[in-house]
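Examination of the molecular architecture
Take a look at the letters that make up each chain.
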Amino acid sequence: MTVVVRIAPSPTGKLHVGNVRTSLVNWLFARKAGGKFILRLDDTDTERSTEEFARGIETDLAWLGLTHDFFAKQSDRTAVYDAAAEKLKQMGRLYACYETAEELDRKRKRQQAAHKPPIYDRAALNLTPAEKADLEAKGRRPHWRFKLDGKRVEWNDLVRGPQQIDTASQSDPVLIREDGRYLYTLPSVIDDTDFGVTHIIRGEDHVTNTGTQIELFEALGAKAPAFAHLALLVGAGGEGLSKRTGSLSIEELRNDGIEAMALNSLLAKIGTSDPVVPRATLTDLVADFDMGHMSRAPAHFDPAELRALNHKLLHGTPFEQVQKRLIELGVPGGVAFWEAVRDNIQVLNDAKVWWDVVAGSVAPVIEDQDFAAQARALLPTGPYTEETWHEWSAAVSRKAGVKGKALYKPLRLALTGHDHGPEMRKLLPLIGPERAARRLSGQAA
Ligand code: GLU
């Protein structure tokens, strides 16, 4: 059997961390099995779906490297859904209802008052053709509900284990709205069948829909695929995802300078029994992906952990892989520059600060003019190597009679304008003799 999975985002907003985790797990599952990964846009909600969001989703997935083998969008397939809906109507499984939202609300309140579960009472099934015609003549338009079998639906969830849903405890779900638009439920089942989807991997917020969908697969004469429902993503302290955490858009993270592989490395591992480590390529993540490692417990997403991982990833990134992007950032430094600074940046953008230090202009910080003058007088002529710093600072130490922090801190402040940063033995050769001399004499250089 060839594994076929799909992700089905609705283009009604930007991709966020939660959707990306689902996308990544689907992608890794497909690649590990040598299967196919489908991108399907669930754009039946024509009011809220936009082209711009659709393009944004594709851009984000491409940036992450989550390439798809097949693309579809539901708005192209209305005729297929109409045919299936017609079939369900013929079978008596899809029936017209005319209640308004207020009427339904009143019914629910009455049920609650009588301590009954608020399940739709199927009153519409008793409407005669004359009553329906009368309602339609009054301008009422039907919405369409799927008549559930009211049986126990069971499946063996790849993450949650054996599951069962008693559809008798659910209201018949609305599949088609009053304005004729489909909710995602039916189109999803039809597409999953037509595209040969073998595994539906999605968030656990869809568990309750699964009972309905398995009944729909069966009603339409198809075999339901396997299901895996991933645990929720929560914040670092277990709180629900806030604006600051899970609803962070990928676009925002990209603009903040987060590396695609830092995000992939984190999202592939949170909520699993595996350690979170920086991985350079998706191929590395495929190698150790195992659905059996996905936990049922909520996965903790911590933006601070993401930044720390980004830092570690950059530290291990060779120059050739960032050269082009550094140039785009206005940082035309070479390999020696990269190797000097890569341990002192959290995001690539931070390299700019150190590029100014070695090639631009910084305001030197000098507290003791005499000390700076002594140090300047001892500066060797170029060219500088990684030994220069050691030799020069030793000479300054002997002359000025200071060592340790009292020696290194003022030298660093004068040469870089910062009290921390990359190793001075690596920075000094990049700063060079002329710039060093000017800075030690207090000139911005
Ligand atoms: N469009 C649905 C959503 O974004 C898809 C759910 C599913 O994967 O079946 O929630």
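This write-up is about the structure you can find in this document. (Residues numbered from 1 in each chain as written. Predicted model: local features only at pLDDT ≥ 70, side-chain atom pairs only at ≥ 80, totals over all residues. Heavy atoms only, no water.)

A few points about the sheet that holds strand β5 (residues 143-146)
As a reminder, the rule being used: The rule for pairing is simple: two strands pair if DSSP sees at least two bridges between them. Numbering of helices and strands runs from the N terminus; a helix is a DSSP stretch of H or I covering at least four residues, while a strand is a stretch of E covering at least two. Here an angle of 0 to 180 degrees is reported between the N-to-C directions of two axes, which are lines fitted to C-alpha atoms, with helices fitted over the stretch in contact.
Reading across from one edge, β4-β5-β8 is the order of the three strands in this open sheet, with antiparallel pairing throughout. Each edge of the open sheet is held by one strand with a lone partner, namely β4 (94-97) and β8 (174-176). Here the average twist between neighbouring strands, direction ignored, is 45 degrees. As judged from the two bridges shared by β5 and β8, these two strands associate in the antiparallel manner. Residue pairing in the sheet places tryptophan 144 in a bridge with isoleucine 176 of β8.

With respect to the site of the ligand
Our working rule: Note on definitions. A residue lies near a molecule or strand when any single heavy atom of the residue is within 4 Å of it. For the purposes of these results, a polar contact is taken to be a pair of N or O atoms within 3.5 Å, where, inside protein, one atom must be able to donate a hydrogen and its partner to accept one; residues adjacent in sequence count only when each atom of the pair is a side-chain atom. Accessible surface is estimated by sampling points in the Shrake-Rupley manner with a 1.4 Å probe; for residues, cover comes only from the protein chains shown. Gly counts as polar in this scheme, as do all residues outside two lists: the nonpolar Ala, Val, Leu, Ile, Met, Phe, Trp, Tyr, Cys and Pro, and the charged Asp, Glu, Lys and Arg.
Contacts to the ligand come from Arg6, Ala8, Ser10, Asp42, Tyr184, Arg202 and His206. Side-chain polar atom of serine 10 to a nitrogen atom of the ligand: 3.5 Å apart, as the coordinates give it. Histidine 206 places a side-chain nitrogen or oxygen 2.9 Å from an oxygen atom of the ligand. Within the complex, 79% of the 300 Å² of free accessible area of the ligand lies under protein. Looking at side-chain class alone, the shell around the ligand contains two nonpolar, two polar and three charged residues.

What to know about the side chain of threonine 388
Worth spelling out the cut-off: Throughout, a residue-residue contact means that at least one pair of heavy atoms, one from each residue, lies within 4.5 Å.
For threonine 388, the location among the structural elements is in helix α16 (residues 388-400). Beyond its immediate sequence surroundings of up to four residues, threonine 388 is in contact with Pro380 and Leu428.

Structural notes on the packing of aromatic side chains
Aromatic rings in a pair are described by how distant their centres are and how their planes are angled relative to each other. Quick reminder of the rule: Any pair of Phe, Tyr and Trp rings, taking the six-membered ring for Trp, is counted once the centres come within 6.5 Å. Such a pair is stacked with planes under 30 degrees apart, edge-to-face with planes over 60 apart, and tilted for the rest. For every residue, the accessible area obtained with a 1.4 Å probe (protein chains only) is divided by the maximum for its type, and the residue is called buried under 20%, exposed over 50%, and partly exposed between those limits. Placement of a positive charge over a ring is assigned whenever Lys NZ or Arg CZ falls within 6 Å of the ring centre and within 35 degrees of the normal to the ring plane.
Summed over all chains, the structure comprises six aromatic pairs. Here tyrosine 81 and tyrosine 182 contribute two aromatic rings whose centre-to-centre distance is 5.8 Å and whose plane-to-plane angle is 70 degrees, an arrangement assigned as edge-to-face. Here the residue tyrosine 81 occupies a position in helix α3 (residues 78-90), and tyrosine 182 occupies one in the loop between β8 and α6 (185-194), the gap between them amounting to 101 residues. Grouping residues by exposure puts tyrosine 81 and tyrosine 182 together as buried. The interplanar angle of 85 degrees and the centroid separation of 5.1 Å between the aromatic rings of phenylalanine 337 and tryptophan 355 together place this pair among those described as edge-to-face. With phenylalanine 337 in helix α13 (residues 335-341) and tryptophan 355 in helix α14 (residues 351-359), this pair connects stretches of sequence that are 18 residues apart. Here phenylalanine 337 and tryptophan 355 have matching classes, each one buried. The rings of Trp389, Trp392 and Tyr408 are connected pair by pair, giving a single aromatic cluster. If you follow lysine 89 out to its NZ or CZ, it ends over the ring of tryptophan 144, 3.9 Å from the centre. Cation over ring: arginine 145 sits above tyrosine 120, and NZ or CZ is 3.9 Å from the ring centre.

What to know about α14
An α-helical turn contains 3.6 residues, so any two residues separated by three or four positions project in the same direction. Put simply, the rule reads: Within this analysis, the arc is defined by the directions that extend from the helix axis to the C-beta atoms.
For α14, the complete set of buried residues consists of Ala351, Trp354, Trp355, Val357 and Val358. Seen along its axis, α14 keeps its buried residues to an arc of 160 degrees; they face one direction.

Focus: the environment of valine 347
On the secondary structure map, valine 347 appears in the loop between α13 and α14. Through-space distance from the C-alpha of valine 347 to that of glycine 257 is 5.3 Å; in sequence the pair is 90 residues apart. Ignoring any residue separated from it by four or fewer positions in sequence, one finds valine 347 in contact with Asp256, Gly257, Ile258, Arg307, Asn310 and Leu314.

A closer look at the nonpolar core
The cut-off we apply is this: Think of a nonpolar core as a cluster: buried Ala, Val, Leu, Ile, Met, Phe, Trp, Tyr and Cys residues, connected wherever their side-chain atoms sit within 4.5 Å.
Counting 49 residues, the largest nonpolar core has Met291 and Phe301 as its most contacted members. It is helix α1 (residues 17-32) that provides the largest number of residues to this core, a total of eight residues.

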